[in-house]
Amino acid sequence: MADEAVKVCVRIRPLIEREETAAAEKAQPVQLYWKAENKSIQQIDDGNPTKSFGFDRVFSAEETTDQLYQDFAKPLVVSAVEGYNGTIIAYGQTSSGKTFTMMGSEHAPGVIPLAMEEVFRSIETFPKKEFLLRVSYMEICNETVTDLLVDSWKRKPLQLFEAIDKNIYVAELTEELVNSPAQVLAWIQKGEKNRRLHRSHTIFRMILESSERNDLASGENADAAIIVSHLNLVDLAGSERASQTGAQGTWLEEGCDINRGLFTLGQVIKKLSESQSGFLNYRDSKLTHILQNSLGGNAKTVIICTITLVALDETLSTLQFASAAQNMKNEPHVTEVSDDGALLWRYRDEIVGLKQGLQEVPSVMQTTTEKEVLAQLLQEKDQLQRDIEDRIRNLTEFLVTSANSFPVQKISAVQEKLKEQERLNVEQQAEEQQEAQQTVISETLSEKEQATERIRRAQRHQRAAGPTPSSTVYPCPSCGRTCGSRIGLYSHMAKHRRETPQEQQEAQQTLLKGQLGIGVAKSRNAWTLEEKQLLKDLSALTRENGGTAKES
């Protein structure tokens, strides 16, 4: 039988469209290699069962994530609030449903959101305790540990160290204080956005510090021990075969690192299950080094193995891992801290010291007699009192108790609130952009209107001043063409000298016609004297050519 501190279950993934389509193309039913029952899975060979594996629980494809959590994971989460270290690990091949089981979807929350909801619900059952909660989210990819709660440009490889109490901690890992499920879910969503396409191991950790509630003003129960527990929620990357995936280059290297880490995890669990008193090198992998306390140490561990019934070798490998893991033995116990190792202890000492300092300020005031010094000290006392009260209020906000605990809502409701807030932010940004565009358009129109007005003023001024005198031109006496300079006129007249007499007469005739405007309907009575004189000249010129004015 498996140790009570270590429980292993298997979850069967439903058939996906790709598997059903492949069977339909062959006009055959989907071939299943395994048969599942309540607590066992058997291999089917030509319709006959051969290999068989037994576990604490086997969840069928029809059972939901909420059923798995309530039946299998919830007790571990409750024990973490009570002070025990706890770890939930999702293990399985690629595309077997690990991440869906841990994170869930919009309408079906996974183990991690449900566990965070359970933590705050369980805190309400301890009215005489106060809690300080902080969360972190780390990723292990290519044997490098990085922080998922910081922006990508701030991310850097993190180092692992071992504390005096033999616990492994990650240096410079961000830890955020939280006091509601909504805050936790917001940090989870930020970490998921920074994750590398689920080709990495991730560990979401919540550290719970609790102690008996005390009167910070009187210092009663100030020396009470603080209980510290860690809740690790682990989503492992899936192992894969390069021959099946066709991975190359960087993708192939990442796959090799994933398989190497999972192999080291399997070797550690195998040695622990065989009860051999030999040396276990947890340092062979960053994953096993971080989870050292959860593998054969001071923790309660739940392992969820996800499989599919249509795969033979991959499912067999997962079931062999699960079978070895259920023989692993842990020794969980409550860990008490009575020094500055607990953040809650440091917060409590600071609050008590601040309140004592706040009470000592008036006594200094009473011993002073000089009015000027008294007034100055009075101002300093008021400012000091305000600063201390603000600090106490900020520190107390992070203490979670059954009295000030936020009402636990359904994760779906929290997600809806976050989505609504995100939608409002997007709408606000759109409105700001639209206002900025309208401002630019208004400024542009204003500039155009100003330019148009300047042009209109210039036109009105030009009309008032009269026509602008044109530049000096030089008309040709033969054809009337204007030239811009004397040299141009001389060159043009030289061209006429090379023409024949008939060409010169035709040019003069054309000039006179242009000046008279012949071809335009005009009454003879409306002609000016100058035009009449030009007509006479044209008639005379026509007679010289042997025609009449009418014919011209």
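Quick look at the structure, then. (Residues numbered from 1 in each chain as written. Predicted model: local features only at pLDDT ≥ 70, side-chain atom pairs only at ≥ 80, totals over all residues. Heavy atoms only, no water.)

Here we look at the overall build of the chain
Put simply, the rule reads: Note on conventions: DSSP H or I runs of at least 4 residues are helices, E runs of at least 2 residues are strands, and numbering of each starts at the N terminus. For each residue, the accessible area found with a 1.4 Å probe, counting protein chains only, is set against the maximum for its type, and the residue is called buried under 20%, exposed over 50%, and partly exposed in between. Two residues qualify as a contact provided that any one of their heavy atoms is within 4.5 Å of a heavy atom in the partner residue. For every accessible area listed, the method is Shrake-Rupley and the probe measures 1.4 Å; residues are considered covered only by the protein chains on display.
When you go through the chain residue by residue, the secondary structure sums to 15 helices and 18 strands. Scored against the burial criterion, the 552 residues of the chain give a buried share of 39%. A separation threshold of at least 6 residues defines the contact pool for the chain, and within that pool the share at least 24 residues apart is 70%. Of the roughly 31,800 Å² of accessible surface on the chain, 50% is carried by carbon and sulfur atoms.

Details of the side chain of Thr65
For Thr65, the position within the fold is in helix H2 (residues 65–82). According to the relative accessible area criterion, Thr65 is buried, its value standing at 4%.

Things to note about the state of the cysteines
Put simply, the rule is: Two cysteine sulfurs form what is called a disulfide whenever their separation falls within 2.5 Å.
Going through the model one piece at a time under the given rule, you end up with zero disulfides. Unpaired in terms of disulfides, Cys9 finds its nearest cysteine sulfur in Cys305, a separation of 7.4 Å. Classification of Cys9 by relative accessible area gives buried; the value is 0%. What makes Cys305 buried here is its relative accessible area of 0%.

Let's talk about the pairing of strand E3 (residues 40–45)
Here is the rule: Should DSSP find at least two bridges between two strands, the strands are regarded as paired.
With three bridges connecting them, strand E2 (residues 34–36) and E3 associate as antiparallel partners. Of the residues in E3, the one forming a bridge with Lys35 is Gln42.

A few points about the pattern of salt bridges
Here is the rule we go by: Each reported salt bridge corresponds to a side-chain nitrogen of Lys or Arg within 4 Å of a carboxyl oxygen of Asp or Glu.
Under the defined criterion, the tally for this structure stands at 13 salt bridges. The salt bridge partner of Arg13 is Glu19, with a shortest N-O separation of 2.4 Å. You can call Arg13 buried: its relative accessible area is 13%. Taking relative accessible area as the criterion, Glu19 reaches 15% and is therefore assigned buried. Notably, a salt bridge pairs Glu192 with Arg195, separated by 3.8 Å at the nearest N-O pair. Classification of Arg195 by relative accessible area gives buried; the value is 8%.

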